[in-house]
Amino acid sequence: MMLAERLTKRYGPATVVDDLSFTVRPGVVTGFLGPNGAGKSTTMRMMLGLTRPDSGTATVGVRPYRDLTYPLRHVGALLETSAPHRGMTAVGHLSWLARSNRIPRRRVDEMLDAVGLTGAARQRVGTFSLGMGQRLGLAAALLGDPPVLVLDEPVNGLDAEGIRWLRELLRAKAAEGRTVLVSSHLMAEMAQVADELIVISRGRLLAETSVSEFIGRHGRTFVRVRTPEPLRAAQEFQAQGAASVRRAADGGLEVDGLPAGEVNRIAAAAGVPVEELSTHTGSLEETFLKLVDDGGDPTHV
Ligand SMILES: Nc1ncnc2c1ncn2[C@@H]1O[C@H](COP(=O)(O)OP(=O)(O)OP(=O)(O)O)[C@@H](O)[C@H]1O
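For clarity, every value in this text was computed on a predicted model and none was experimentally measured.

**Brief notes about the site of the ligand**
Part 1: All residues in the neighbourhood of the ligand are listed as Tyr11, Val16, Gly34, Asn36, Gly37, Ala38, Gly39, Lys40, Ser41, Thr42 and His185.
Part 2: Broken down by element, the residue count for the shell around the ligand peaks at three residues, all from helix α1 (residues 40-47).
Part 3: Of the residues contributing to the shell around the ligand, the split by class is three nonpolar, seven polar and one charged.

In structure tokens, the structure reads:
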């Protein structure tokens, strides 16, 4: 379990994290979502005791991170700034981390194997691709077998196979009852990985909800209608309560704010022929961007 309570961070005149509170529960993957610059990294750094909040508190389990004696055994972190020295080998880097956190040496080989880097164990980190670097960062995060994982944009640099692998890994860690917080600025990616979502924009909480509830609540649902009489149809729908009627690029109509049955009834009553009628939900990315755009006035979900 992790708790952020009224976390606030200012850099000069800018408030980059603004009175932010949320709970990250064990047993599920929680996605930390927000556009670039929303304050995700700063929040994660405060959760890990690496950046001092101006006010508010962050706790991991029952204590602040800085009070943990061997932190890697409590929290595994992957941060954008946690890259090891380029001249070190992968095995050298992990062995050093293991020694300084009193983690058994065998974990080093096990984790290199778990992230698919056994073959590159003695290669210098400076020669690693972005994806290999991410895998090494994940190995470091997992080294102490911690009950809590905090991963900042872990998908960066991974290919499709790597993303699938990471998704399964995170699911498995959550299924073991661990607490998993993963950030991303991409909604579609997050929806594949996360069960729960914490959405922020401009440092403020916009939503704390499950992925399915998020889509259900914020997703744009509309009815698509194809008719040879679009102008008359649009007038009828608008006259009878549609929130908006748009013309799609292919000439079809997109009717917001009326259920499909009602759209059908209105068309039939007006004698407008209907060639196609179907209900659609906006894409996840659309859902997310719409929420962020509307985000001047945050509301908890
Ligand atoms: N040490 C710092 N000094 C001054 N400004 C900072 C510092 N760290 C972050 N910021 C600013 O705080 C804001 C939030 O940055 P942060 O990296 O937390 O966002 P983010 O959501 O993680 O974005 P990204 O996805 O781009 O990493 C940005 O405007 C950034 O420029």
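Picking up after the structure, the text goes on.
**Remarks on the sheet that holds strand β4 (residues 55-60)**
Part 1: Spatially, three strands are ordered β2-β1-β4 in an open sheet, and the strand pairing comes out antiparallel. For this open sheet the edge positions go to β2 (14-24) and β4, each flanked by a neighbour on one side alone. Taking the axes of each pair of neighbouring strands and ignoring which way they run, one obtains an average angle of 20° across the sheet.
Part 2: Summarising the sheet, strand β1 (residues 2-11) and β4 pair through five bridges and their orientation is antiparallel. The partner of Glu5 across the bridge, within β4, is Thr57.
Part 3: Along the sheet face, α1 touches β1, β2 and β4 and points at about 120° away from the line of β1.

**Comments concerning the pairing of strand β9 (residues 204-210)**
Part 1: One ladder, built from six bridges, connects strand β8 (residues 196-201) with β9; its direction is antiparallel. Each residue of the ladder has a partner; that of Ile200, found in β9, is Leu205.
Part 2: Linking two consecutive strands that pair antiparallel, namely β8 and β9, is a turn of two residues; a positive phi of about 50° is found at Arg202 within it.

**Some remarks on unusual backbone geometry**
Part 1: In this model, Arg6 sits at a positive phi of 50°, which is unusual for a non-glycine residue.
Part 2: By secondary structure assignment, the location of Arg6 is in strand β1.
Part 3: Phi at Glu153 takes a positive value of approximately 45°, unusual for a residue other than glycine.
Part 4: Inspection of the secondary structure puts Glu153 in the loop between β6 (148-151) and α5 (160-175).

**Let's talk about the domain arrangement of the protein**
Part 1: Segmenting the protein into domains produces domain 1 (2-211) and domain 2 (221-281).
Part 2: Between domain 1 and domain 2, the C-alpha centre-to-centre distance is 46 Å.

**With respect to the nonpolar core**
Part 1: By size, the foremost hydrophobic cluster in this structure holds 71 residues, and its most contacted members are Met47, Leu94, Ala139, Leu143, Val150, Val182 and Leu197.
Part 2: Considering each element in turn, this core owes the most residues, seven residues, to helix α4 (residues 130-142).
Part 3: Leu197 has contacts with Gly31, Leu33, Met190, Ala207, Thr209, Val211 and Phe214, leaving out every residue within four places of it along the chain.
Part 4: Val223, Phe237, Val263 and Ala267 belong to the second largest nonpolar core, which has 14 residues in total.

**Side note on the sheet that holds strand β13 (residues 276-281)**
Part 1: Pairing is antiparallel in the open sheet, where four strands are placed in the order β11-β12-β10-β13. Single-partner strands in this sheet number two, and they are β11 (244-247) and β13. With strand direction ignored, the average angle separating the axes of adjacent strands in the sheet is 25°.
Part 2: Relative to β13, strand β10 (residues 221-226) runs antiparallel, the two being bridged by six bridges. Counted as the bridge partner of Phe222 is His280 from β13.
Part 3: Strands in contact with helix α9 (residues 260-270) are β10, β12 (253-256) and β13; relative to β13, the strand with the most contacts, it is inclined by about 150°.

**Brief notes about the confidence of the model for the protein**
Parts of the prediction with low pLDDT should not have their coordinates interpreted in detail.
Part 1: Residue-level pLDDT values for the protein average 90, and 97% of them are 70 or greater.
Part 2: In the predicted structure, residues 296-301 sits below a pLDDT of 50 and forms nine contacts with residues beyond four places in sequence or in another chain.
Part 3: Overall fold confidence for the complex sits at a pTM of 0.82, while the interface term, ipTM, reaches 0.95.

**Remarks on the packing of helix α8 (residues 230-239) against α9**
Part 1: Where α8 contacts α9, the axes come no closer than 10 Å and their chain directions differ by 120°. Our classification of the angle between α8 and α9 gives oblique. By crossing handedness, the relation of α8 to α9 is classed as right-handed. Listed contacts from α9 to Ala233, Glu236 and Phe237 of α8 are Val263, Ile266, Ala267 and Ala270.
Part 2: A per-class count over the contact of α8 with α9 returns six nonpolar, no polar and one charged.

Cut-offs used in this document
- Residues numbered from 1 in each chain as written.
- Predicted model: local features only at pLDDT ≥ 70, side-chain atom pairs only at ≥ 80, totals over all residues.
- Near = placed C-beta within 6 Å.
- Helix = DSSP H or I, 4+ residues; strand = E, 2+ residues; numbered from the N terminus.
- Nonpolar A, V, L, I, M, F, W, Y, C, P; charged D, E, K, R; others polar.
- Pairing = 2+ DSSP bridges.
- Axes fitted to C-alpha atoms, helices over the stretch in contact; angles between N-to-C directions.
- Contact = placed C-beta atoms within 7 Å.
- Domains from an automatic or database assignment.
- Core = buried A, V, L, I, M, F, W, Y, C linked by C-beta atoms within 7 Å.
- Buried ≥ 20, exposed ≤ 12 C-beta atoms within 10 Å, placed from the backbone.
- pLDDT = per-residue confidence, 0-100.
- Parallel < 35°, antiparallel > 145°, perpendicular 65-115°, else oblique.
- Left-handed = near helix turned anticlockwise from the far one by under 90°.

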